[in-house]
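The chain contents come next:
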Amino acid sequence: MKFLTFLANQPNNVLTRALGEGKRPFIVAAVFSFFTNVLYLALPLYTFQVYGRVMISQNQATLWLLTLMTVFVFFVSSAIDDFRARILINYGVALDQRVSGRIFSGLFDAAVRGDPSARSQALRDLDTFRQTLTGVAAAAFFDLPWIPVFVVVLFLINPLVGMVALLGGFALLALALMQEKAIRPASREANDAALKSYSFTEAALRNGEVVRAMGMLPTLGAAWARHRAVTIERGAAAAEASNLYTDLIKATRMGVQVLVIAVGAYLILKGKIHQGMLFANMILVSRALQPIERIVGAWEPLNNMARAHGRIMNLLENAEPPVLATTLPRPTGKLAVEGVNFAPFGAQRLVLANINFRIEPGEMLGVIGPSGAGKSTLARLLMGIWRPVNGAVRLDGADVFTWDRADFGRYVGYLPQDTELFAGTVRANIARFRDGVADAEVVQAATLAGVHELILRMPKGYDTEVGEGGVVLSAGQRQRVGLARSMLGDPAFIVLDEPNASLDAEGEDALMNAMEAMKAKGATVVVISHKPGIFRSADKLLVLREGRIDLFGPKDQVMARLMKPTEVRAIEAGR
Ligand SMILES: Nc1ncnc2c1ncn2[C@@H]1O[C@H](COP(=O)(O)OP(=O)(O)O)[C@@H](O)[C@H]1O
Ligand SMILES: [Mg+2]
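### Focus: the side chain of Thr 134
Moving on, step 1. Locating Thr 134 in the fold gives a position in helix H4 (residues 121-143).
Moving on, step 2. Other than its neighbours up to four places away in sequence, Thr 134 contacts Leu 88, Tyr 91 and Gly 92.

Okay, here's the thing in structure tokens:
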């Protein structure tokens, strides 16, 4: 009964709150359920009355009337069920509207953090949860409490009949629980293997070129096939187990029905009950056992619902809290990194330790260091993409991580190390896909980045489609368009991560001019590179080594130290 656990101990998050806000529709639906069930209770009593009369009076008109009434009751009851379903469906729609946005942003947070549990599955999980909750789960929830009521009525008619219904109910319930127990491990294994084989496929497709060039397909294919085989094999095992029990349960239910007739006939012979009661008993017993049967067919969706719910709760629990809503003024570009330690998601080791430095508005900082020193990690922390484990990165005194992203984005520019563009035109990419950016602004950014001429030489100039990820352009061209994107709207603070990695001499010239122009406009510029040539106009340098600041200070002093023989540096370090 795993699906019931979700009712207990819920942490307070957007999903729990949304579920709670839906109490009213659920109460209305429960009232509808009440009426359907009361109708079902009234039906056998009514038929008992009329049935008895038909038998005694031999009146055919009464028989037809009885039939008509019975059919009518079924129609009314199905109309009520339909209303209930509508209420629940609308409840599901409202639930989705309240929660899906938050799940989407939670998913995005998780992906940026490098959380491997971040899969586009999360939104499918919400669909699964919503559909099952407002479908099978709700039906079970509303109908299960009525089982005892029907059993009590049967006991009132005759204890023996009640006993048969009760034992039959327990037998069915026991079989249902055994079925669930038999299916669960296999279906979970099948599910996990399926997820693995999907993500395997995704990775192979993403790195298609590498896979093809080095003939890795057979090996990858074998690993994929193993996951796939587990999915199929365990899935089949679950289905077999499920079928076995379904057939057993069906037979048991038929047996109970027959037993009820037999017991009824016996009691009539003994003169314990009226013969009209036989019919009533059958209706009552089948209605009492119906909810159990419904659940039997629904273990799979119910378990999937519980798993989906668990994943959503996990995602929401780890999601970043909403950012501060107060709009801050445009920063001047005063940057302070205060005691920052950082470890990537799931990693034990600190990738950056005890990072402390400050730069003033309009200064340019060069960051240098070997591969893997943590330069790109620092860039991400400066941009508020990742949250430090301790300490904070402050721009004009405000924590960059909690800054409203749309707001923050207007004042900063970022060029990541591996620049991918979005499918769309060059213009749209430079404009960051924002509405209401004037052509002049786009051209200005491109001119500043020294890429205006290059863009004009493209087939359709600014309107050239760059394709998925920007594949139409070369790596160097992508990087230069990315530079223009980072310079849109005169940012106060810019971080460039190895901006000259794919550039030729002309591109590098344009880059250095662009950085100087930004500096002249008063922007704070942080530029990361392997090649010291690019630090021509830097004011300060920071040398990063194994996640620690090795040297930091005015450019000339740091350069002088870097040039010193290693022995001298070793002595100084030990000082
Ligand atoms: N998600 C991660 N999990 C574990 N280690 C990571 C993760 N991301 C980066 N690292 C480690 O952090 C270190 C710094 O990476 P990075 O900042 O990209 O270096 P740089 O840009 O200086 O070459 C590397 O040693 C890398 O292995
Ligand atoms: Mg890097």
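What follows picks up the thread again.
### Things to note about the coordination of the magnesium ion (ligand 2)
Moving on, step 1. Protein ligation of the magnesium ion (ligand 2) involves Ser 376 (OG) and Gln 417 (OE1), the donor distances falling in the range 2.0 to 2.2 Å. Pair noted here: Ser 376 is in helix H11 (residues 375-382) and Gln 417 is in the loop between strand S6 (412-415) and helix H13 (426-430), with a separation of 41 residues, a long-range link.
Moving on, step 2. On the accessibility criterion, Gln 417 (32% relative accessible area) is partly exposed.

### A closer look at the site of ligand 1
Moving on, step 1. Around ligand 1, the neighbouring residues are Pro 344, Ala 347, Arg 349, Val 351, Pro 370, Ser 371, Gly 372, Ala 373, Gly 374, Lys 375, Ser 376 and Thr 377.
Moving on, step 2. At 3.2 Å from an oxygen atom of ligand 1 is found a main-chain nitrogen or oxygen belonging to Ala 373.
Moving on, step 3. Within the complex, the protein chains bury 62% of what would otherwise be the 560 Å² of accessible surface of ligand 1.
Moving on, step 4. Classifying every residue of the shell around ligand 1 gives 5 nonpolar, 5 polar and 2 charged.

### Things to note about the sheet that holds strand S3 (residues 364-368)
Moving on, step 1. Reading across the sheet, the 6 strands line up as S6-S7-S8-S3-S9-S10 and stay open at both edges, with mixed pairing between neighbours. Each end of this open sheet is capped by a strand with a single partner; those strands are S6 and strand S10 (548-554). The sheet shows a mean angle of 10° between the axes of neighbouring strands, direction not considered.
Moving on, step 2. Bridging between S3 and strand S9 (residues 540-545) involves 4 bridges; their strand directions are parallel. For Leu 365, the partnering residue across the bridge sits in S9 and is Lys 540.
Moving on, step 3. Each of S3, S6, strand S7 (493-497), strand S8 (524-528) and S9 touches H11; the most contacted strand, S7, lies at about 155° to it.

### Digging into the pairing of S7
Moving on, step 1. Counting buried residues along S7, 5 of its 5 residues qualify, which places the element largely inside the surrounding structure.
Moving on, step 2. Of the two faces of S7, the one carrying Phe 493, Val 495 and Asp 497 and the one carrying Ile 494 and Leu 496 are both buried.
Moving on, step 3. In the sheet, S6 pairs with S7 via 4 bridges, with the strands oriented parallel. For Gly 413, the partnering residue across the bridge sits in S7 and is Ile 494.
Moving on, step 4. By the bridge criterion, 5 bridges tie S7 to S8 in an arrangement that is parallel. Paired with Phe 493 across the bridge in S8 is Thr 524.
Moving on, step 5. Each parallel crossover has a hand, and for S7 linked through helix H17 (residues 505-520) to S8 it is right-handed.

### Examining the packing of H4 against helix H10 (residues 299-318)
Moving on, step 1. Look at H4 against H10: their axes get within 8 Å of each other, and the N-to-C directions meet at 135°. The orientation of H4 relative to H10 falls into the category oblique. You can see that H4 and H10 cross each other, and the crossing is left-handed. The segment H4 lies against H10, with Gln 121, Ala 122, Asp 125, Leu 126, Thr 128, Phe 129, Thr 132, Leu 133, Val 136 and Ala 137 engaging Pro 301, Leu 302, Asn 304, Met 305, Ala 308, His 309, Arg 311, Ile 312 and Leu 315.
Moving on, step 2. In the contact of H4 with H10, the residues fall into 12 nonpolar, 5 polar and 2 charged.

### Some thoughts on the side chain of Asn 341
Moving on, step 1. Here Asn 341 lies in strand S1 (residues 335-342).
Moving on, step 2. Here Asn 354 takes part through its backbone nitrogen, which lies 2.6 Å from a polar atom of the side chain of Asn 341.
Moving on, step 3. Among the polar contacts listed, one links the side chain of Asn 341 to the side chain of Asn 390, at a separation of 2.9 Å.
Moving on, step 4. If sequence neighbours within four positions are ignored, Asn 341 has contacts with Leu 350, Leu 352, Ala 353, Asn 354, Pro 388, Val 389 and Asn 390.

### So, the packing of aromatic side chains
Moving on, step 1. All told, the structure shown has 7 aromatic pairs when counted by the stated rule.
Moving on, step 2. Measuring from centroid to centroid gives 5.7 Å for Phe 32 and Phe 83, while their planes differ by 10°, and the two rings are stacked. Of the two residues, Phe 32 sits in helix H2 (residues 23-57) while Phe 83 sits in helix H3 (residues 60-113), which places them 51 residues apart along the sequence.
Moving on, step 3. Residue class for Phe 32 comes out partly exposed when judged on its relative accessible area of 24%.
Moving on, step 4. Here Phe 83 falls in the partly exposed class, since its relative accessible area comes to 47%.
Moving on, step 5. Centroid distance Phe 422 to Phe 433: 5.8 Å. Interplanar angle 85°. Geometry classified as edge-to-face. A residue pair is termed long-range when its members are at least 10 positions apart, and Phe 422 in the loop between S6 and H13 and Phe 433 in the loop between H13 and helix H14 (439-448) qualify at 11 residues.

Cut-offs and rules
Residues numbered from 1 in each chain as written. Chains lettered and ligands numbered in written order. Predicted model: local features only at pLDDT ≥ 70, side-chain atom pairs only at ≥ 80, totals over all residues. Heavy atoms only, no water. Helix = DSSP H or I, 4+ residues; strand = E, 2+ residues; numbered from the N terminus. Contact = heavy atoms within 4.5 Å. Donors = N, O, S within 2.8 Å, 3.2 Å for Na, K, Ca; no water. Buried < 20%, exposed > 50% of the residue type's maximum accessible area, 1.4 Å probe, protein only. Near = heavy atom within 4 Å. Polar contact = N/O pair within 3.5 Å; in protein donor to acceptor, adjacent residues only side chain to side chain. Areas by Shrake-Rupley, 256 points an atom, 1.4 Å probe, with all protein chains shown as cover. Nonpolar A, V, L, I, M, F, W, Y, C, P; charged D, E, K, R; others polar. Pairing = 2+ DSSP bridges. Axes fitted to C-alpha atoms, helices over the stretch in contact; angles between N-to-C directions. Right-handed = clockwise from strand over helix to strand, strands pointing away. Parallel < 35°, antiparallel > 145°, perpendicular 65-115°, else oblique. Left-handed = near helix turned anticlockwise from the far one by under 90°. Phe/Tyr/Trp six-rings, centres within 6.5 Å; stacked < 30°, edge-to-face > 60°.

On their own, these measurements won't tell you what the molecule is for.
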